[in-house]
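# Architecture and fold: a report
If you want the building blocks of each chain, they are given just below.
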Amino acid sequence: MKCKRCKAKAVVSLPSHNTAFCKDCYPLFFTRQVETAIRRQKMFTHEERILVALSGGKDSLALMLELSLQGYDVTGLHIDLGIPRSSEKARAKVEAFCELHGLKLQVLEVANEGLPIPAIKKHINRPVCSVCGKIKRHYFNRIAREGGYDALATGHNLDDEAARLFANTLRWDAGYLSDQGPTLPAEEGFVRKVKPLYRLSEFETANYAFLKGIEIHSDPCPYSGGASFTNHKHLLGELEYKSPGSKFSFYEGFLKKGRPAFAMLNKEEGDKVSPCGECGSPTSLDLCGVCRIRTALKEKMAEAE
Ligand SMILES: [Zn+2]
Ligand SMILES: [Zn+2]
């Protein structure tokens with residue numbers, strides 16, 4: 001197969017776009033998709049400061065590199081979860097990557113915040129992945145807000161977004177369906193959240209990371225049973241194989257038709273939000289969820305001694 005752009009030997013075939021590219025032209029395709037996402041979904045401008053959540057995986061590092069190459073003012077944020085044999089590896093990949101490309105990086109250690117994940121797993125009687133996810137989202141938002149960033153960018157790709165949409169559609173989760181998408185505007189203590197890779201599949205992002213020589217952290221988390229929405233991704237993958245392009249049209253159709261319809265249905269007021277008494281993060285209670293976890297952990301650990 002030949003590259004659609006320059007007729008050299010193609011290395012990446014993209015049935016969903018009915019095209020193929022060589023190793024030099026493929027990153028241009030990737031760049032165009034990210035540019036289109038930023039423009040159409042009004043994500044951010046070159047005058048704004050963007051905080052990019054960096055886990056060390058292919059998606060977040062590909063996103064960081066691409067935004068910096070497009071001339072955006074980006075700063076990476078890595079959250080060190082303090083999980084033995086896993087977190088130090090992820091952090092080392094992120095630090096080496098930012099050093100190599102001359103990119104700004106901020107690292108937050110949750111253990112220094114009174115929230116070491118191994119202790120939470122041991123003492124808090126809730127699924128550790130959901131608590132961990134909650135803590136990460138909390139600090140992404142809090143650091144972006146306190147640092148005066150205009151937007152928080154995450155590396156969610158089309159597979160992530162389509163699978164999540166699929167799962168929520170199966171449950172007809174109206175709350176989610178009215179308020180989810182590649183750009184979520186800032187509101188009451190929450191910074192603007194954007195997903196510039198939402199038009200690109202996991203495969204397409206992995207190819208970019210590979211062709212750009214990005215060294216990624218790919219070990220699964222030792223605490224998790226696997227990636228989220230695995231079954232939904234698998235089913236959508238079969239559909240995509242038989243009918244290329246269906247994953248994107250499912251998600252794009254939701255953005256154009258589904259979300260506005262659900263937004264009209266879901267007009268009723270949510271819980272009143274005010275700043276957490278401890279940390280100032282938006283919450284509907286006196287203390288935010290993460291400050292409550294910190295307090296509970298302190299008590300449990302004191303009891304255990
Ligand atoms: Zn080419
Ligand atoms: Zn709080």
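Bear in mind the structure is a predicted one, so any value in this text is a computation, not a measurement.

Our next topic: the coordination of the zinc ion (ligand 1). Surrounding the zinc ion (ligand 1) are the protein donor atoms Cys3 (SG), Cys6 (SG), Cys22 (SG) and Cys25 (SG), at 2.3 Å. Taken together, the 4 donor atoms surrounding the zinc ion (ligand 1) define angles of 100 to 116° at the centre, an arrangement classified as tetrahedral.

This part is about the coordination of the zinc ion (ligand 2). Protein ligation of the zinc ion (ligand 2) involves Cys276 (SG), Cys279 (SG), Cys288 (SG) and Cys291 (SG), the donor distances falling in the range 2.3 Å. The coordination sphere of the zinc ion (ligand 2) comprises 4 donor atoms, whose angles at the metal cover 106 to 115°; the geometry is tetrahedral.

Let us look at the layout of surface pockets. Each pocket or cavity is described by its volume, and for the second largest pocket that value is around 390 Å³. Around the second largest pocket sit 19 residues that line it, and Ser16, Ser201, Glu204, Glu240 and Lys247 are the ones nearest its centre. Only strand S1 (12–14), helix H6 (158–170), helix H8 (202–211), helix H9 (230–242) and helix H10 (246–265) provide two or more residues apiece to the lining of the second largest pocket. For the lining of the second largest pocket, the element with the highest residue contribution is H9, accounting for 3 residues. For the lining of the second largest pocket, a count of residues per class yields 7 nonpolar, 7 polar and 5 charged.

Tallied over the full model, the rule gives 8 aromatic pairs. With 3.9 Å between their ring centres and 10° between their planes, phenylalanine 30 and tyrosine 208 make a pair best called stacked. Of this pair, phenylalanine 30 sits in helix H1 (residues 26–40) while tyrosine 208 sits in helix H8, and the two are 178 residues apart along the sequence. We classify phenylalanine 30 as buried; its relative accessible area is 0%.

Here H1 spans 21 Å end to end across 15 residues, near enough to the 21 Å set by a 1.5 Å rise per residue. Where H1 is concerned, the buried positions are Tyr26, Pro27, Phe29, Phe30, Thr31, Gln33, Val34, Thr36, Ala37 and Ile38. Next to the buried residues of H1 lie S1, strand S2 (19–21), helix H2 (58–69) and H8. Positioned one or two residues after H1, lysine 42 has a phi angle of 45°, which is positive.

In the structure shown here, the tally under the stated rule is 16 salt bridges. Among the ionic pairs, glutamate 48 bridges to arginine 192, the shortest N-O distance being 3.0 Å. Here glutamate 48, found in the loop between H1 and strand S3 (49–53), pairs with arginine 192, found in strand S8 (residues 192–194); they are 144 residues apart in sequence, far enough to count as distant.

The next point concerns the nonpolar core. In this structure, Tyr26, Phe44, Val52, Leu67 and Phe97 are the most contacted members of the largest nonpolar core, which totals 46 residues. Apart from the residues lying within four places of it in its own chain, the contact partners of phenylalanine 97 are Leu61, Met64, Leu65, Leu103 and Ile214. Ala53, Cys132, Ala144 and Cys291 belong to the second-largest nonpolar core, a separate cluster that totals 31 residues.

Further remarks concern the side chain of aspartate 160. Tracing the backbone shows aspartate 160 in helix H6. Residue classification places aspartate 160 among the buried positions, given a relative accessible area of 17%. When near neighbours in sequence (up to four residues on either side) are disregarded, aspartate 160 contacts Gly155, Glu202 and Lys233.

About the criteria used
Residues numbered from 1 in each chain as written. Chains lettered and ligands numbered in written order. Predicted model: local features only at pLDDT ≥ 70, side-chain atom pairs only at ≥ 80, totals over all residues. Heavy atoms only, no water. Donors = N, O, S within 2.8 Å, 3.2 Å for Na, K, Ca; no water. Tetrahedral: all angles 85-135°; square planar, octahedral: opposite > 155°, others 65-115°. 1 Å grid on protein atoms, 1.4 Å probe; cavity = no way out; pocket = protein on both sides within 12 Å on 5 of 7 lines; lining within 4 Å. Points joined across faces, edges and corners; volume = space filled by probe spheres on them. Helix = DSSP H or I, 4+ residues; strand = E, 2+ residues; numbered from the N terminus. Nonpolar A, V, L, I, M, F, W, Y, C, P; charged D, E, K, R; others polar. Phe/Tyr/Trp six-rings, centres within 6.5 Å; stacked < 30°, edge-to-face > 60°. Buried < 20%, exposed > 50% of the residue type's maximum accessible area, 1.4 Å probe, protein only. Expected span 1.5 Å × (residues − 1). Contact = heavy atoms within 4.5 Å. Salt bridge = Lys/Arg side-chain N within 4 Å of Asp/Glu carboxyl O. Core = buried A, V, L, I, M, F, W, Y, C linked by side-chain atoms within 4.5 Å.

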